[in-house]
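Here's the letter readout for the chains.
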Amino acid sequence: MSRSAEAGSVVSPVTADDVALAVRLAVGTLRDAPPQGWDGKAGSLEWDCWETVEHLANDLLYYAVQLGPQSPPLDTHVPFELRQKRADGPAYFVFAEPDAGPAGLVQMLEACGALLVAMVRTAPPRVRAHHAAGASDPEGFAAMGVVETLVHMHDVAEGFGLAWAPPSALCSRVLARLFPDAPDGADPWLTLLWATGRAELPGHPRLTAWQWVSAPPS
């Protein structure tokens, strides 16, 4: 049975507090990362750990700025220019200062997360803003920020050999919002990793392509 088909089930909405929690947990884990190894591969990605955290910070800031204009564009994103440091690397519109080291990179992540928290708290629920997977509302951008944080921290934690297991209730809320057709009954964190192409789920092969539902539920 999919989550969208569960009769009578009620799942709490994803909130700014959820974004704050996800970022706080990520920052706490990254502060335990060793100073060496940031140029090592992040899990199954082709990016290194530094690039992945820098990408995550950009994701959180990107979601925040979409909600910022009084009338957000619906046909395209707010036009910040994206650039790549290398051809196969992620695209950014803000960069961490290399000389600030890992501590500066983590501080950048914390700051970008705080901006998304603030925008989700203050944007009216009726607001809609562009996303490539469909125009979304503040809750949707909060959920996308949480998913980006949880799964990219999984990538980075694999790269460093760090433990990373986010709260089941948090995973359940973002699954219900963004992946309503994900199978029900398995561990929510494992299901989220499966839904984002990072793990196998009993009875379900590992996904080679995936997409969340960013549009608000009708």
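For the structure, see preceding data.
This text gives an overview of the structure that appears in the document. From a predicted model like this one, the values you see are computed outputs, not experimental measurements.

Here we look at the packing of helix α4 (residues 138-160) against helix α6 (residues 188-195)
Across the interface, α4 lies against α6 with an axial gap of 11 Å and an inter-helix angle of 90°. Viewed along their axes, α4 and α6 adopt a mutual orientation that is roughly perpendicular. Within the contact between the two elements, α4 uses V147, L150, V151 and H154 and α6 uses W189, L192 and L193. Looking at the contact of α4 with α6, its residues break down into 6 nonpolar, 1 polar and no charged.

Some details on helix α3 (residues 101-122)
Residues separated by three or four positions in an α-helix point in the same direction, a consequence of the helix having 3.6 residues per turn. Between its first and last C-alpha, α3 extends 32 Å over 22 residues, near the 32 Å set by a 1.5 Å rise per residue. Residues G101, G104, L105, V106, M108, L109, C112, G113, L116, V117 and V120 constitute the buried set of α3. In this structure, the buried side of α3 is in contact with α1 (16-30), α2 (49-66) and α4.

As for the side chain of N58
Structurally, the position occupied by N58 is in helix α2. Those residues in contact with N58, other than ones at most four positions away along the chain, are Y92, F93, V94 and M108.

Thresholds, definitions, all that
- Residues numbered from 1 in each chain as written.
- Predicted model: local features only at pLDDT ≥ 70, side-chain atom pairs only at ≥ 80, totals over all residues.
- Heavy atoms only, no water.
- Axes fitted to C-alpha atoms, helices over the stretch in contact; angles between N-to-C directions.
- Helix = DSSP H or I, 4+ residues; strand = E, 2+ residues; numbered from the N terminus.
- Parallel < 35°, antiparallel > 145°, perpendicular 65-115°, else oblique.
- Contact = heavy atoms within 4.5 Å.
- Nonpolar A, V, L, I, M, F, W, Y, C, P; charged D, E, K, R; others polar.
- Expected span 1.5 Å × (residues − 1).
- Buried < 20%, exposed > 50% of the residue type's maximum accessible area, 1.4 Å probe, protein only.

Read these as geometric descriptors, not functional statements.
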